[in-house]
Amino acid sequence: MPIKLQSSALSLMISSFLGSCRPLSIFIIRRLLSTQQKINSRKVPPYENADRSYMDLSQKFYESMKACVNIRSKPLARGLHCQLITTGVDISTFVQNNLINLYAGCGLIDDASLVFHEIELKNVFSWNTMIEGLIDSGRVTAAEKVFDEMPQRDVVSWNSMMSGYYRNGFPEKTIDGFISMVRCSTTLPDAYSFSCVMKACASLENLNLAFQLHSFSEKFKFLGDDSVDSSIVDMHIKCGAPDIAEHVFLKMPNPNLFSWNSMIYGYSQLYDAQRALELFDQMPKRDLVSWNMIISILSKHGHVTKTLGMFIEMCIQGFKPNSKTYASVLSACTSAHELKWGIHLHGRIVRMQQHIDAYIGTGLIDMYAKCGHFKKARKIFNNLKEHNIVSWTSMIGGAIHSGNEVEAISLFKQMKEIPITSDQFTLATVLGACCGLKDIHLGTQIHGYSIRIGMESLIPVANALVTMYAKCGDICNANHAFKLMTFKDIISWTTMITIFYNIGNIEKAREYFDQMPERNLVSWNSMLKGYVQNGIWEEGFKVFVLMRQKGVKPDCITFITSISACANAAILKLGNQVVSQSVKFGFGNDVSVKNSIITMYSKCGQIQDAKKTFDSIVSKNLISWNAMMDGYAQSGEGNLVIDTFEKMIWSGILPDHISYVSVLSGCSHSGLQPEGQRYFNMLLKDERISPTCEHYACMVDLLCRAGFIEKAKDLIDKMPIEPNAAVWGALLGGCRIHGNATMAETALKNLVVLDAEDSGSYVLLANLYSDSGELDSVSDVRRVMKEKGIRKNPGCSWIEVDNRVHVFTVDDTNHPRINDVYKKLEEIIKKVEDVGMYSSNKAKAYHSEKLAMAFGLMSLPAWMPIHIMKNLRICDDCHSVMKLVSLVTSRELVIRDANRFHHFRDGFCSCRDYW
């Protein structure tokens, strides 16, 4: 049959598309048109070179189809098919296969299916091409049907299905497909098969399956194949076995870029960001993924300076940052509140990027919102061309971070009106706004909304619901929401532990801790903190020991909490051991750990050791200065508090409300009334800080101790905020010192109005009446305490001897050596009375600190100071006895009571009788 080409229709069609085509595609299509014109002009006689002409024509159509797929033009694809039909030649299976590929590549999968079903002699390529087309269009079920109808399959058929399952979000089916292929004896897997199934395994994070696939690849002799080895490395890293991945990686003679990039991430898991950076430096060559990987790792691990430095180096080496690069660097700026760097990056993005996409926009929104510029974040959000769920969630989170929970709820409502469907992270964020507002009604509504859209069982939402109910005070519903969770992660369990220890139910917290199927470091730290926070230090130490026995590596939070426990219990020897452990694990120079060490030494009366630790900190932060000032204040070193406060300001660090509490407390304990007044006036002028009741309590205490009772009362009356129990308690304490019973009654009346149930205030007033000889008034106070059910807190003191803590209570009878202690105390009191400066008070003869003192004299060598801790304020009688004991025994006594430290030496106390 003669070949006669009609090119006019195709010429007209092609000319309409040339303006939008790529140069190479235009060139190929024009060649097809030119070939047709030449064939027509030559007037080829029947059957002259027919085979050659047919082959040339098929080749030209094949090239044109490829070009059409590149530009994804649907009209041109159909036009090419029409032109092929008008040629009048028989269309071979080869051409029909390429037509399937043409239609599928241009998004015309139904047209591709019609061509496929018209093929009389389908070969394996026909079936595979149809499967690929259906998979690429997301029609997985239709692809499965075609696959099942195949009369014969090859490895490409299996790989197409496995790859399609994985790309369409069905990793489990990818694994099932691999198993079926292996069981089918006619087809053996190739390297691509293993790469597909290992990607699916990695996405499922199934470590057991990873080990099986690793062994299976070895059985099929694929170990050593570059693509398979790379997939093994990536799979083990994503399944949580970076050590196995490292073993494979180190055996690879020439790892490819994918392997290097995967292993960099693996090192950040197996070791730390520094080791990942060292591996990055060893790379023979890098691509954009390599740079993005190391920048992301450094950013997530909090290495802000290194992140920014790596970004600069990347640009110097000629790599162009993309959205992922900017997002990581912006995240680093956000975590360190580096607003200047963030603004610089924003400017660069505007200059270098054609537009700000949702990915970069989200990073900018987050950065500005968390750096305190919510209006700027809102402006960027409004200017984004398109908003996705991530940008909305970031905007809502930014509003919450700025303290504007009402705005966050408003944004959520706007998002729903558009409408944009909420995801689990949006709901979790909005529930966080309900926590801030303490609005359980709104939280319950969002709970209902999450049920309607089927997200209440998702872990982030369920965890947020538990937290919301707990922070709104509904522990019952929080526990109920937890029990309804289908799946609980470590965060779920840890949240419940935190909830229960925060309400003082440490037994329930431990019950949940013991029920955890698995624990991580955060879980252990949470349980440890629970015991410490509730004053159960001994159990806290047991948790620390158990944690080490289980092989859990502690972090800085572990040591900060443990050192704080030693500080609160004033157990110096154990504290020193924990400090040594922190150095051993590499946290010796951590600023936060050193700050806790300062506090521990201060609370154990070792103020010089606290000062040495403070001086060893190279970059002191505000907490470092506050810890040192608080230590000096507790030790009655008011002048050193003032000196430290001034040095802090001189160093460029501005004081916060805690700094002012420390300096005012220091002045109060040292009787520095003019200096205290000056710093209080400085506080009132500081626009950054609003004075709290804690500051006013310090100032009232300062004035009362100096004898200005009326002035202190006048200050209370002029307070811009409602005085709390601490303020009235300070006034009551001053009245006791100066014997002002009338003002003391006023203070107590206000304490009663505040429903203060602290027995200390009533005891102070009773002691004041007792000292004044008003025994009837003492009886009245005790009667009121009985009516209100207020019991005096039992006093106890403890002392550390031979690595054991010995606890004593008033009139103690439980200590194994209590008879010897009483004999020693009577002996010491006799010596004190012989001095002629003390007359024994039988009612206070056996207070706990006296028993602890006697035990210390019995048990400790003569050169060693005796350190005693007491849970209540030391009474006048015991204070006088301790001064005289230090004189008659020539021993140094250090007592830490509920208010401060007392250093007794040679008959004098460091408080100068001013406590």
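Every value quoted in this text rests on a predicted model; they were computed, and no experiment measured them. (Residues numbered from 1 in each chain as written. Predicted model: local features only at pLDDT ≥ 70, side-chain atom pairs only at ≥ 80, totals over all residues. Heavy atoms only, no water.)

Let's talk about the overall build of the protein chain
Phase 1 of the analysis: A tally of regular secondary structure across the protein chain gives 49 helices and 6 strands.
Phase 2 of the analysis: Evaluated residue by residue, the protein chain yields a buried proportion of 50% over its 915 residues.
Phase 3 of the analysis: Sequence-distant contacts in the protein chain: of pairs separated by 6 or more residues, those separated by 24 or more amount to 62%.
Phase 4 of the analysis: Working note: accessible area of the protein chain is about 44,500 Å², and carbon and sulfur atoms make up 53% of it. (Helix = DSSP H or I, 4+ residues; strand = E, 2+ residues; numbered from the N terminus. Buried < 20%, exposed > 50% of the residue type's maximum accessible area, 1.4 Å probe, protein only. Contact = heavy atoms within 4.5 Å. Areas by Shrake-Rupley, 256 points an atom, 1.4 Å probe, with all protein chains shown as cover.)

Focus on helix H42 (residues 709-717)
Phase 1 of the analysis: For H42, every residue scored as buried is listed here: Ile709, Ala712, Lys713, Leu715 and Ile716. In a view along the axis of H42, the buried residues occupy a sector of 155°, so they form one face of it.
Phase 2 of the analysis: In this fold, the buried residues of H42 make contact with helix H40 (673-685), helix H41 (693-705), helix H43 (725-738) and helix H44 (741-753). (Arc of directions from axis to C-beta.)

Some points on the pairing of strand E5 (residues 901-905)
Phase 1 of the analysis: Buried residues dominate E5, accounting for 4 of its 5 residues.
Phase 2 of the analysis: Two strands pair when backbone bridges link them, and strand E4 (residues 893-896) and E5 are joined in this way by 4 bridges, in the antiparallel orientation. The residue bridging isoleucine 895 from the neighbouring strand is histidine 902, located in E5.
Phase 3 of the analysis: Counted along the chain from E4 to the antiparallel partner E5, the turn is 4 residues long. (Pairing = 2+ DSSP bridges.)

Section: the UniProt feature "repeat: PPR" (unreviewed entry) in the protein chain
Phase 1 of the analysis: The UniProt record marks residues 123-157, 256-290, 357-391, 489-519, 520-554, 621-655 and 758-792 with the feature "repeat: PPR" (unreviewed entry), using the residue numbering of this structure.
Phase 2 of the analysis: Spanning residues 520-554, this segment combines 74% helix with 0% strand, and its end C-alpha atoms are found 10 Å apart.
Phase 3 of the analysis: Structurally, residues 621-655 is divided into 74% helix and 0% strand, and its ends, taken at the C-alpha atoms, are 11 Å apart. (UniProt positions renumbered as here; feature names shortened; annotations may be inferred.)

A short note on the pairing of strand E1 (residues 796-801)
Two faces belong to every sheet, and in a regular strand the side chains alternate between them.
Phase 1 of the analysis: In terms of residue burial, E1 counts as a mostly covered element, since 5 of its 6 residues are buried.
Phase 2 of the analysis: Sheet topology places E1 next to strand E2 (residues 804-809); 6 bridges connect them, and they run antiparallel. Across the sheet, serine 797 pairs through a bridge with phenylalanine 808, a residue of E2.
Phase 3 of the analysis: Taking the residues between adjacent antiparallel strands as the criterion, E1 and E2 are bridged by 2 residues, where aspartate 802 takes a positive phi near 55°.
Phase 4 of the analysis: Note: E1 against strand E3 (residues 866-870), 2 bridges, orientation antiparallel. Looking at the pairing, tryptophan 798 lines up with methionine 869 of E3.

A short note on the nonpolar core
Phase 1 of the analysis: Ile294, Val700 and Leu731 are the most contacted members of the largest nonpolar core, which totals 229 residues.
Phase 2 of the analysis: Per-element tally for this core: the top contributor is H41, with 9 residues.
Phase 3 of the analysis: In this view, valine 700 contacts Ala712, Leu715, Ile716, Val727, Ala730 and Leu731; residues no more than four positions away in its chain are not counted.
Phase 4 of the analysis: Residues Ile828, Phe855, Leu884 and Cys911 belong to the second largest nonpolar core, which totals 32 residues. (Core = buried A, V, L, I, M, F, W, Y, C linked by side-chain atoms within 4.5 Å.)

Considering the packing of aromatic side chains
Two numbers describe a pair of aromatic rings. These are the distance of the centres and the angle of the planes.
Phase 1 of the analysis: Counted by the stated rule, this structure contains 30 aromatic pairs.
Phase 2 of the analysis: For the pair phenylalanine 147 and tryptophan 158, a centre-to-centre distance of 5.0 Å together with 80° between the ring planes defines the contact as edge-to-face. With phenylalanine 147 in helix H8 (residues 140-149) and tryptophan 158 in helix H9 (residues 155-167), the pair connects residues that are 11 residues apart, well separated along the chain. The same class applies to phenylalanine 147 as to tryptophan 158, namely buried. (Phe/Tyr/Trp six-rings, centres within 6.5 Å; stacked < 30°, edge-to-face > 60°.)

Comments concerning the packing of helix H7 (residues 124-136) against H8
Phase 1 of the analysis: At a closest axis distance of 8 Å, the pairing of H7 and H8 adopts a crossing angle of 165°. Viewed along their axes, H7 and H8 adopt a mutual orientation that is roughly antiparallel. Here H7 and H8 pass one another in a crossing that is left-handed. Facing Trp127, Ile131, Leu134 and Ile135 of H7, the residues of H8 in contact are Ala142, Ala143, Val146, Phe147 and Glu149.
Phase 2 of the analysis: For the contact of H7 with H8, the residue count by class is 8 nonpolar, no polar and 1 charged. (Axes fitted to C-alpha atoms, helices over the stretch in contact; angles between N-to-C directions. Parallel < 35°, antiparallel > 145°, perpendicular 65-115°, else oblique. Left-handed = near helix turned anticlockwise from the far one by under 90°. Nonpolar A, V, L, I, M, F, W, Y, C, P; charged D, E, K, R; others polar.)

Quick notes on the side chain of lysine 594
Phase 1 of the analysis: Among the secondary structure elements, lysine 594 is positioned in helix H35 (residues 591-603).
Phase 2 of the analysis: Despite its burial, lysine 594 remains without a salt bridge, the nearest opposite charge being carried by aspartate 590 at 9.9 Å. (Lys, Arg positive; Asp, Glu negative; His and termini not counted. Salt bridge = Lys/Arg side-chain N within 4 Å of Asp/Glu carboxyl O.)

Considerations on unusual backbone geometry
Phase 1 of the analysis: The omega torsion across isoleucine 418 and proline 419 is 0°, close enough to zero to call that bond cis.
Phase 2 of the analysis: Tracing the sequence through the fold places proline 419 in the loop between helix H24 (405-417) and helix H25 (424-437).
Phase 3 of the analysis: For arginine 72, which is not glycine, the phi torsion reads 50° and is therefore positive.
Phase 4 of the analysis: Its place among the elements puts arginine 72 in the loop between helix H3 (50-71) and helix H4 (74-86).

Section: the pattern of salt bridges
Phase 1 of the analysis: Tallied over the full model, the rule gives 24 salt bridges.
Phase 2 of the analysis: Aspartate 514 is the partner of arginine 510 in a salt bridge, and the nearest nitrogen-oxygen pair spans 3.0 Å. Here aspartate 514 and arginine 510 lie together in helix H30 (residues 506-515), a separation of 4 residues that amounts to about one turn.
Phase 3 of the analysis: Given the relative accessible area of 44%, aspartate 514 is considered partly exposed.
Phase 4 of the analysis: Where lysine 870 meets glutamate 849, a salt bridge forms, and the shortest distance between an N and an O atom there is 3.0 Å. Note that lysine 870 is positioned in strand E3 and glutamate 849 in helix H48 (residues 848-859), a separation of 21 residues in sequence.
Phase 5 of the analysis: Judged by its relative accessible area of 0%, glutamate 849 falls in the buried class.
Phase 6 of the analysis: A single network of salt bridges, built from pairs that share partners, joins Glu132, Asp136 and Arg167.

With respect to the packing of helix H21 (residues 358-370) against helix H22 (residues 374-383)
Phase 1 of the analysis: Axis separation between H21 and H22 bottoms out at 7 Å; the angle between their running directions is 165°. Here H22 runs roughly antiparallel to H21, going by the angle between their axes. Along this stretch, H21 crosses H22, giving a crossing that reads as left-handed. Of H22, the residues touching H21 (which contributes Gly361, Leu364, Ile365, Tyr368 and Ala369) are Phe374, Lys376, Ala377, Ile380 and Phe381.
Phase 2 of the analysis: Along the lines of polarity and charge, the residues of the contact of H21 with H22 split into 8 nonpolar, 1 polar and 1 charged.

Concerning the state of the cysteines
Here, disulfide denotes a covalent bond that connects the sulfur atoms of two cysteines.
Phase 1 of the analysis: One pass over the structure, following the stated rule, counts 0 disulfides.
Phase 2 of the analysis: You can see cysteine 472 has no disulfide; the closest cysteine sulfur is in cysteine 435, sitting 5.8 Å from it. (Disulfide = S-S within 2.5 Å.)

Re the environment of methionine 415
Phase 1 of the analysis: Within the fold, methionine 415 resides in helix H24.
Phase 2 of the analysis: Take methionine 415: its relative accessible area is 0%, and that puts it in the buried class.
Phase 3 of the analysis: For the pair formed by methionine 415 and isoleucine 389, sequence separation is 26 residues and the distance between their alpha carbons is 8.6 Å.
Phase 4 of the analysis: If near-sequence neighbours (up to four positions away) are discounted, methionine 415 is found in contact with Ile389, Trp392, Ile420, Ser422 and Thr426.

What to know about a nonpolar patch on the surface
Phase 1 of the analysis: A cluster of nonpolar side chains, Val835, Met837 and Leu887, forms an exposed patch at the surface whose accessible area comes to about 270 Å².
Phase 2 of the analysis: Position of valine 835 relative to the elements: it lies in helix H47 (residues 818-835). (Patch = residues over 30% accessible without salt bridge, like charges linked within 9 Å, V, L, I, M, F, W, Y side chains within 5 Å.)

A word on the side chain of arginine 896
Phase 1 of the analysis: In this structure, arginine 896 sits in strand E4.
Phase 2 of the analysis: No salt bridge is formed by the buried arginine 896, whose closest oppositely charged neighbour, aspartate 897, lies at an N-O distance of 7.3 Å.

Describing the environment of glycine 605
Phase 1 of the analysis: For glycine 605, the location among the structural elements is in the loop between H35 and helix H36 (607-616).
Phase 2 of the analysis: On a C-alpha basis, the gap between glycine 605 and glutamine 634 in space is 8.9 Å, while along the polypeptide they are 29 residues apart.
Phase 3 of the analysis: For glycine 605, the contacting residues outside a window of four places in its chain are Phe901 and His903.

Thoughts on H25
Phase 1 of the analysis: The end-to-end C-alpha distance of H25 is 20 Å, a good match for the 20 Å that 14 residues give at a rise of 1.5 Å each.
Phase 2 of the analysis: At the N-terminal end of H25, a side-chain oxygen is found 3.1 Å from the backbone nitrogen of phenylalanine 425, two or three residues along, and the residue is aspartate 423. (Expected span 1.5 Å × (residues − 1). Polar contact = N/O pair within 3.5 Å; in protein donor to acceptor, adjacent residues only side chain to side chain.)

Quick notes on the sheet that holds E3
Phase 1 of the analysis: The strand order across the open sheet formed by 6 strands is E2-E1-E3-E4-E5-E6, and the pairing between neighbours is mixed. Since the sheet does not close on itself, it has two edges, and those belong to E2 and strand E6 (908-909), each with one partner.
Phase 2 of the analysis: One ladder, built from 2 bridges, connects E5 with E6; its direction is antiparallel. Counterpart to phenylalanine 904 in the pairing with E6 is cysteine 909.
Phase 3 of the analysis: Along the sheet, helix H49 (residues 876-889) makes contact with E4, E5 and E6, crossing E5 at roughly 35°.

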